[in-house]
Every structure is written in C-alpha cells, then in structure tokens.
Amino acid sequence: AQSVAQPEDQVNVAEGNPLTVKCTYSVSGNPYLFWYVQYPNRGLQFLLKYITGDNLVKGSYGFEAEFNKSQTSFHLKKPSALVSDSALYFCAVRDMETGRRALTFGSGTRLQVQP
Amino acid sequence: DTEVTQTPKHLVMGMTNKKSLKCEQHMGHRAMYWYKQKAKKPPELMFVYSYEKLSINESVPSRFSPECPNSSLLNLHLHALQPEDSALYLCASSQEGSSGYEQYFGPGTRLTVT
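Because the structure is predicted, anything quoted here is derived from the model rather than measured. Throughout, residues of each chain are indexed from 1 in the direction in which the sequence is written. Ligands are numbered from 1 and chains lettered from A, in the order in which they are written. Local features in this predicted model are restricted to residues whose pLDDT is 70 or higher, and side-chain atom pairs enter the listing and the counts only when it is 80 or higher, whereas totals over whole chains, interfaces and linings include all residues. Hydrogens and waters are ignored; side-chain quantities use all the structure's heavy atoms.

Asks: Whenever I open this one, the interface of chain B and chain A confuses me. Can you help?
Replies: In many reports, interface size means the accessible area that the parts give up when they come together. Contacts between chain B and chain A engage 26 residues on the former and 22 residues on the latter. Summed over both partners, the accessible surface that disappears when two parts come together, traced with a 1.4 Å probe, is what is meant by buried area. Between chain B and chain A, roughly 1800 Å² of surface is buried when both sides are summed, and carbon and sulfur atoms account for 55% of that area. For chain B, the biggest contributors to the area lost against chain A are Tyr 101, Glu 102 and Phe 105 of chain B; these three give 27% of the whole. Take a side-chain nitrogen of Lys or Arg and a carboxyl oxygen of Asp or Glu: if they are within 4 Å of each other, that pair is a salt bridge. Where chain B touches chain A, the interface holds 1 salt bridge. A salt bridge links Glu 102 of chain B to Lys 49 of chain A, with the shortest nitrogen-to-oxygen separation between them at 2.7 Å. Contacts between residues were defined by any pair of non-hydrogen atoms, one from each residue, lying within 4.5 Å.

Asks: When you look at the state of the cysteines in this model, what are you seeing that I'm missing?
Replies: Any cysteine sulfur atom paired with another within 2.5 Å is treated as part of a disulfide. Under the counting rule described, the total for this entry stands at 2 disulfides over all chains. The disulfide that involves Cys 23 of chain A links it to Cys 91 of chain A, with 2.0 Å between the sulfurs. The sign of the S-S torsion, about -60°, decides the handedness of the disulfide formed by Cys 23 of chain A and Cys 91 of chain A: left-handed. You can see Cys 23 of chain A sitting in the loop between strand 3 (19–21) and strand 4 (24–26) and its partner Cys 91 of chain A sitting in strand 10 (residues 87–95), a full 68 residues away along the chain. Judged by its relative accessible area of 0%, Cys 23 of chain A falls in the buried class. For every residue, the accessible area obtained with a 1.4 Å probe (protein chains only) is divided by the maximum for its type, and the residue is called buried under 20%, exposed over 50%, and partly exposed between those limits. For Cys 91 of chain A, a relative accessible area of 0% gives the class buried. Each sulfur in the disulfide pair Cys 23 of chain B and Cys 91 of chain B lies 1.9 Å from the other. In this structure the cystine formed by Cys 23 of chain B and Cys 91 of chain B twists about its S-S bond by roughly -70°; its chirality is therefore left-handed. Of this pair, Cys 23 of chain B sits in strand 3 (residues 18–25) while Cys 91 of chain B sits in strand 9 (residues 87–94), and the two are 68 residues apart along the sequence. Cys 23 of chain B sits in the buried class, given a relative accessible area of 2%. Just so you know, Cys 68 of chain B is unpaired, no disulfide at all, and the nearest cysteine sulfur is the one on Cys 23 of chain B, 9.2 Å from it. By definition, any uninterrupted DSSP run of H or I lasting at least four residues is a helix, any uninterrupted run of E lasting at least two residues is a strand, and each is numbered from the N terminus.

Asks: When you look at the nonpolar core in this model, what are you seeing that I'm missing?
Replies: The nonpolar side chains of soluble globular proteins are, as a tendency, buried together. Of all hydrophobic cores here, the largest spans 46 residues; its most connected members are Phe 105 of chain A together with Trp 34, Tyr 35, Phe 64, Leu 76 and Leu 78 of chain B. No other element matches strand 9 of chain B, which puts 6 residues into this core. Setting aside its immediate chain neighbours within four residues, Tyr 35 of chain B contacts Leu 103 and Phe 105 of chain A together with Pro 43, Glu 44, Leu 45, Met 46, Leu 88, Tyr 89, Leu 90, Ala 92, Gln 103 and Phe 105 of chain B. Only buried residues count toward a nonpolar core. Its members are Ala, Val, Leu, Ile, Met, Phe, Trp, Tyr and Cys residues joined through side-chain atoms within 4.5 Å.

Asks: How should the sheet that holds strand 1 (residues 4–7) of chain B be read in this particular structure?
Replies: Strands belonging to one sheet form pairs held by backbone hydrogen bonds; the direction of such a pair is parallel or antiparallel. Residue and element names in this part refer to chain B. As summarised here, the arrangement of the 4 strands in space is 1-3-8-7, forming an open sheet in which the pairing is antiparallel. Both edges of this open sheet fall to strand 1 and strand 7 (64–70), since each of them pairs with a single strand only. On average, each strand axis in the sheet is tilted by 20° relative to the strand beside it, whichever way the strands run. Where strand 3 lies against strand 8 (residues 73–79), 7 bridges are found, and the strand directions are antiparallel. Bridged to Cys 23 within strand 8 is Leu 74. A pair of strands is considered paired only if DSSP assigns at least 2 bridges between the two. Between the N-to-C directions of two axes lies an angle of 0 to 180 degrees, each axis being a line fitted to C-alpha atoms and, for a helix, fitted only over the stretch in contact.

If you want it as structure tokens, here you go:
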C-alpha cells in the first residue's frame, strides 16, 4: 500500500523568507511524487513532479522540491515566499509497481505567508 | 493547453432529484478521474476511467454512476443523494506513459444536497 504524510497542518512564513512544506512517503516500489496547490474554492493545480533523474526538481511559480530516497521525503521549497503563495498544498504519490492509476494524497498543509 | 472544464460550477439538489455533473478535456488524455473533496481535506478517489473503460471503482455507493461517452468526456450521474454527499467534486485527467502521469484537475462542482 502507498501512503503520504504531511506532518504540518499549517506553515507560517514571512514574505521574502524561504519556505519548506514537508512530505514523506511510503511505497513498495518506485515512487512517482507530485505536489499540487489549491486556492480557495478551486481545483488542484499541478506544481511539479519527481519521476526519475535529478533529485532536485523545479516547478511552477518558483517552487522546487528535493527527493531524498534514504529519508523517503519530498519536501517542497521556495527561496522567497510571496503573500500570493498562501494556499493549501498537497503532496501525492503513485506507486508505479502496482500499475494502479491512482494518486494517494497527503492530508494537506496550509501555507500562510504574512506580509 | 492543460485545461479541464467542469459544469455546473454549483449545484443544489434535493434528495429525490436526478442530476449530472460533466467534465471535458481536449488534451488527448486517456485516463480520467472523479474525486470527492470535503472542506480542508484531500481529494478522495471515486472512479478511474482508462481508455474509456472503468478501471477503478473505490466502493462508491450506487447513487453515484459514472459514464465515459468518449475519450474527451466524463459524466457523473447523481440520484437519491444524501446530505453527507455535499462536497466539491473534482474531475481530472492524465496522459499516462513516459510523457506524463501528472493529473490535471478541473475547477470542480460544488454540490449541496438538501
């Protein structure tokens, strides 16, 4: 079975400071990992993915994520936070071993960027 | 173009009504999904269609009935719903294969069952 944990319900950061949103995963095979962002009353927007290759993945809106196999983590980062980054962030994993076409989402982390 | 469209945006229905949610994508994606999302919770997978065939049904009650008329369209037929079915219903699609796997989501239909 595959699972994702987002240990923080909320992350608060001042505008201009770096931000990190944490994610750890558990799969039996090779993980495909994704980050999505959701603004109020909207659908999820795809930010970035890790499938294979470089452990540092760059995505939309200046976000990046670091894949760490030994720590089974895929933390989302941004060097300088904007107030407009305030939203709900979901990490998701897909276990390519099972062939099951489904994502498992974490519980979500609310990012609050203060001006 | 990475757009998935959903109609209607909002829907209020009584417990005896029959209604349908519609989803459309023109990205050539061959997998389409329905999710249910409660406030401040992650999306919960309901159904997956792959090449227009139902491949995953997450033990969803029969009052929800999916349909995939063609590779671009996905419907969710609703009948005799309960108040606890009130939620945001999200449609998504994905390419599958080495060029993708990420899912692209529509804006959702906010459903209220009275």
